[in-house]
Amino acid sequence: MSGVYQGNTGDLIPAPDAFSPIGGPAPVYGIGYDDRQIPTRAVSINDPGLGKPPNDYMIFTIVSAVFCFFPTGLIAIMKAAEVTRLWSIGNSYGALLASKQALLWSKITYTLGVTLWVIGLVLIMVFLFVINKH
């Protein structure tokens, strides 16, 4: 019987060529199948609707790591590098999250660095004041 396919129910149904995988029979979907369950377009789970990659803040992270506080700056650099990697493999939610974390760690690095610089300068001024007093 050419051009027909016997489904699970024993009925003969036509096998349309457009849906036949490599000349084989058309897929049979079983009882209770609802054609609204078939997606009409490819939908990515990771697609937040971004048209371009999120900002990786790499320049800001490198500057804050070099001039402010290196330990947290290193974390910021790693998060900034992760943005590009995640975007390139199609994980746009992960890239967006990594971008936000890179900015957060850059701000932490900058804040710690400025705070430590101010404390250091105050201590140096106090030390010089005490030495000149004696």
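The notes below deal with the structure included here. Just so it is clear, the structure is predicted and the values come from calculations on it, not from any experiment. (Residues numbered from 1 in each chain as written. Predicted model: local features only at pLDDT ≥ 70, side-chain atom pairs only at ≥ 80, totals over all residues. Heavy atoms only, no water.)

On inspection of all chains with the given rule, the structure shows 1 salt bridge. With a closest N to O distance of 3.9 Å, E82 and K79 form a salt bridge. Of this pair, E82 and K79 both sit in helix α2 (residues 70–88), separated by 3 residues, roughly a single helical turn. Since its relative accessible area comes to 25%, E82 is described here as partly exposed. (Salt bridge = Lys/Arg side-chain N within 4 Å of Asp/Glu carboxyl O. Helix = DSSP H or I, 4+ residues; strand = E, 2+ residues; numbered from the N terminus. Buried < 20%, exposed > 50% of the residue type's maximum accessible area, 1.4 Å probe, protein only.)

As a further point, take α2. Between its terminal C-alpha atoms α2 stretches 27 Å, which fits the 27 Å expected from 19 residues at 1.5 Å a residue. Looking one or two residues past α2, G90 carries a phi angle of roughly 95 degrees, positive in sign. (Expected span 1.5 Å × (residues − 1).)

Running from amino to carboxyl end, helix α1 (residues 58–67) crosses helix α3 (residues 92–133) at an angle of 25 degrees, the nearest separation of the two axes being 9 Å. In this view, α1 runs roughly parallel relative to α3, as classed from their interaxial angle. Seen along the crossing, α1 lies across α3 with a hand that is left-handed. Each of F60, T61, S64, A65 and F67 in α1 lies in contact with α3, whose residues at this interface are A102, L103, S106, K107, T109, Y110 and W117. (Axes fitted to C-alpha atoms, helices over the stretch in contact; angles between N-to-C directions. Parallel < 35°, antiparallel > 145°, perpendicular 65-115°, else oblique. Left-handed = near helix turned anticlockwise from the far one by under 90°. Contact = heavy atoms within 4.5 Å.)

Below, the discussion takes up the packing of α2 against α3. Relative orientation of the contacting elements α2 and α3 amounts to 160 degrees, with a least axis distance of 8 Å. Considering the angle they form, α2 stands roughly antiparallel to α3. For α2 against α3, the interelement crossing comes out left-handed. Contacts from T72, G73, I75, A76, K79, A80, E82, V83, L86 and W87 in α2 reach S92, G94, A95, A98, S99, Q101, A102, W105, S106, I108, T109 and L112 in α3.

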